[in-house]
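Remarks on the overall topology
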Amino acid sequence: LEFSRRWCVLSDGVLSYYENERAVTPNGEIRASEIVCLAVPLPDTHGFEHTFEVYTEGERLYLFGLESMEQAHEWVKCIAKAFVPPLAEDLLARDFERLGRLPYKAGLSLQRAQEGWFSLSGSELRAVFPEGPCEEPLQLRKLQELSIQGDSENQVLVLVERRRTLYIQGERRLDFMGWLGAIQKAAASMGDTLSEQQLGDSDIPVIVYRCVDYITQCGLTSEGIYRKCGQTSKTQRLLESLRQDARSVHLKEGEQHVDDVSSALKRFLRDLPDGLFTRAQRLAWLEASEIEDEEEKVSRYRELLVQLPPVNRATVKALISHLYCVQCFSDTNQMNVHNLAIVFGPTLFQTDGQDYKAGRVVEDLINHYVVVFSVDEEELRKQREEITAIVKMRVAGTASGTQHAGDFICTVYLEEKKAETEQHVKIPASMTAEELTLEILDRRNVGIREKDYWTCFEVNEREEAERPLHFAEKVLPILHGLGTDSHLVVKKHQAMEAMLLYLASRISDTKHGMMKFREDRSLLGLGLPSGGFHDRYFILNSSCLRLYKEVRSHRPEKEWPVKSLKVYLGVKKKLRPPTCWGFTVVHETEKHEKQQWYLCCDTQMELREWFATFLFVQHDGLVWPSEPSRVSRAVPEVRLGSVSLIPLRGSENEMRRSVAAFSADPLSLLRNV
């Protein structure tokens, strides 16, 4: 890229450039009103030490370069003042990498795009909109979602923070692509230190959360977890992906081995430039481990914990909490507190095993987890329920010796719950709802005609609601979650044809509109329903369901990730629903806490459209199988190696004792260590 030297003048809102300082007629000019973006690349980006870019409405890019950083800064400052209107002057208060105007949609103004002013500084995106108060900056490395929607001609950048969503449109492709690349780069990890990583709401790096969550779900009882090493090449590739953009990495059972994930986490922690406990405090932690009085030592650990940087402190707690859970199943995974300390001491303190005090610190932190980290009863209860729920399912589906792993006998009804319609079916871990449906129909010799949408429903009698299972949904996990007032029934899905016709004819993958809304609340813990149904505006897209107080609201009151929702048709009558076309929505958080609320539509068609859209976005557009299976219903032999659940080792009785002990008193297992 070659530069041509020109004499430039900025005057009366016009940037003119001349052949030389004596020339009278400019070679060209750029009106400030035509400028849409001003960008400041890193030094030497364009082969010139200090440069800035000017983008105009006519899809043109002008590149300017100077030898002096001070001169370049002064030019950028003056040009910015010339084209930024008074309402956005606050954006000029700090240096920026990119500044300009872009069409956007936010809140509930999704029918019409407006023009807003944006500045990118580090990992913060600041915005000023023509209406409303000044926006809080978006912390790009804390985004819940960063995605691109639409086709190549009409791209939309979607930024989702915890309580707001911003849609930036690519009306002018040239500057939009510049914004897109800059925002994606700013949202990625910026370096190797903890504070430079993509962070979650609790200031825990996403890379740590991803690995810990996967091990909890898929490797908590894996023998030698964290002691065994994964394959070097796979570990390295996984770690590189996580470091580049952990937010977009979704670890899945069967695709990653638990030892590869555990090795990636250990490598990440060991390679931190400043270490998890920081160079400044590392020695103090090691010295604290030598305090003989146990109470005094714990008190010293608590003091040191407070002195850690916020991200380090949050990460230490998350990691020790996880290791506390791991050792609770040491009779199965063979990793007690001491064994975990041997592995993680040198890793966290980067001592290469040369200082025994490193292991002692980790051992103390696990043993005194509740006191050091001020874990209250409620937090401990939630943690216990989370782990117990995961492992109970694995225990129920696992047997020792050569028995089939995961087979479970359950009662399924045909069309309605009556004694003469019940069928007792063996459910292997691999069975889907479609396979179960065809099994029941085959047993009763029920023929399937065209447009017969036979489906397996989960019916909750207490809630007076039912949920049609997706055809690819695994049945076994549903059975383990069924209450005494719930059952499975196979019957025709009467609304499926209408829903498929709606999905085939609609234009957008999103849906929005007014519905009656009510939360499931209790008064004074008596279980009495409180409150009533209120009008609320909802937006459902491929990532989440958002609730707004009214159409004009800018920020959602609530939002839920759509794939974690279970939607049941029906609302219990004692809540006095305003219409008969309602559904019950259940949200289970990552900590297995359940939230429930009720929605009512004005017409049956609206209800079907909303429900169809839920199915569509939750299952990536595949609502009904294009070619339903008609193969023999013979159930294949399912052995331990093919079960897509957590692999458990040890005898069944040992595993049951582990779960029972942990459920009854999670601290009791520590007292014997």
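Structure report, in brief. On a predicted model such as this, the values are computed, not experimentally measured, just so you know.

**Some details on the pattern of salt bridges**
- All told, the structure shown has 33 salt bridges when counted by the stated rule.
- Put simply, Asp 452 and Arg 449 hold a salt bridge, and the shortest N to O gap is 3.5 Å.
- For Arg 449, a relative accessible area of 59% corresponds to the exposed category.
- Members of the salt-bridge network, linked through shared partners, are Glu 57, Arg 101 and Glu 115.

**A few points about the pairing of strand 12 (residues 156-161)**
- Across the 6 residues of strand 12, 6 count as buried, placing the element largely inside the fold.
- Residues Val 156, Val 158 and Val 160 of strand 12 are buried on one face, and the alternating residues Leu 157, Leu 159 and Glu 161, pointing to the opposite face, are buried as well.
- As judged from the 5 bridges shared by strand 11 (residues 145-149) and strand 12, these two strands associate in the antiparallel manner. The residue bridging Ile 148 from the neighbouring strand is Leu 157, located in strand 12.

**Considerations on the packing of helix 8 (residues 310-327) against helix 10 (residues 337-349)**
- As a packed pair, helix 8 and helix 10 sit with axes 10 Å apart at the nearest point and diverge in direction by 150°. Comparing the axis directions of helix 8 and helix 10 gives the class roughly antiparallel. Note that helix 8 runs across helix 10; the crossing there is right-handed. Contact with helix 8, carried on its side by Leu 319, Leu 323, Val 326 and Gln 327, involves Val 337, Leu 340, Phe 344 and Leu 348 of helix 10 and no other residues of that element.
- A class-by-class count of the residues in the contact of helix 8 with helix 10 yields 7 nonpolar, 1 polar and no charged.

**Comments concerning the packing of aromatic side chains**
- As enumerated under the stated definition, the model contains 16 aromatic pairs in all.
- Taken together, a centroid distance of 6.1 Å and an interplanar angle of 65° make the contact between Phe 118 and Phe 129 edge-to-face. Of the two residues, Phe 118 is situated in strand 8 (residues 114-121) and Phe 129 in the loop between strand 9 (124-128) and strand 10 (138-139); the sequence distance between them amounts to 11 residues.
- Judged by its relative accessible area of 0%, Phe 118 falls in the buried class.

**Section: the pairing of strand 2 (residues 14-18)**
- The buried count for strand 2 comes to 5 of 5 residues, which makes it a mostly enclosed element.
- Judged from the 5 bridges that link them, strand 1 (residues 7-11) and strand 2 form a sheet pairing that is antiparallel. Its bridge partner lying in strand 2, Trp 7 is registered against Tyr 18.
- Turn length for the strand 1-strand 2 hairpin, with the two strands adjacent in sequence and antiparallel, is 2 residues, and the turn residue Asp 12 shows positive phi of about 50°.
- Examined bridge by bridge, strand 2 and strand 3 (residues 28-31) share 4 bridges and lie antiparallel to one another. Note on strand 3: the bridge partner recorded for Val 14 is Arg 31.

What counts as what
- Residues numbered from 1 in each chain as written.
- Predicted model: local features only at pLDDT ≥ 70, side-chain atom pairs only at ≥ 80, totals over all residues.
- Heavy atoms only, no water.
- Salt bridge = Lys/Arg side-chain N within 4 Å of Asp/Glu carboxyl O.
- Buried < 20%, exposed > 50% of the residue type's maximum accessible area, 1.4 Å probe, protein only.
- Helix = DSSP H or I, 4+ residues; strand = E, 2+ residues; numbered from the N terminus.
- Pairing = 2+ DSSP bridges.
- Axes fitted to C-alpha atoms, helices over the stretch in contact; angles between N-to-C directions.
- Parallel < 35°, antiparallel > 145°, perpendicular 65-115°, else oblique.
- Left-handed = near helix turned anticlockwise from the far one by under 90°.
- Contact = heavy atoms within 4.5 Å.
- Nonpolar A, V, L, I, M, F, W, Y, C, P; charged D, E, K, R; others polar.
- Phe/Tyr/Trp six-rings, centres within 6.5 Å; stacked < 30°, edge-to-face > 60°.

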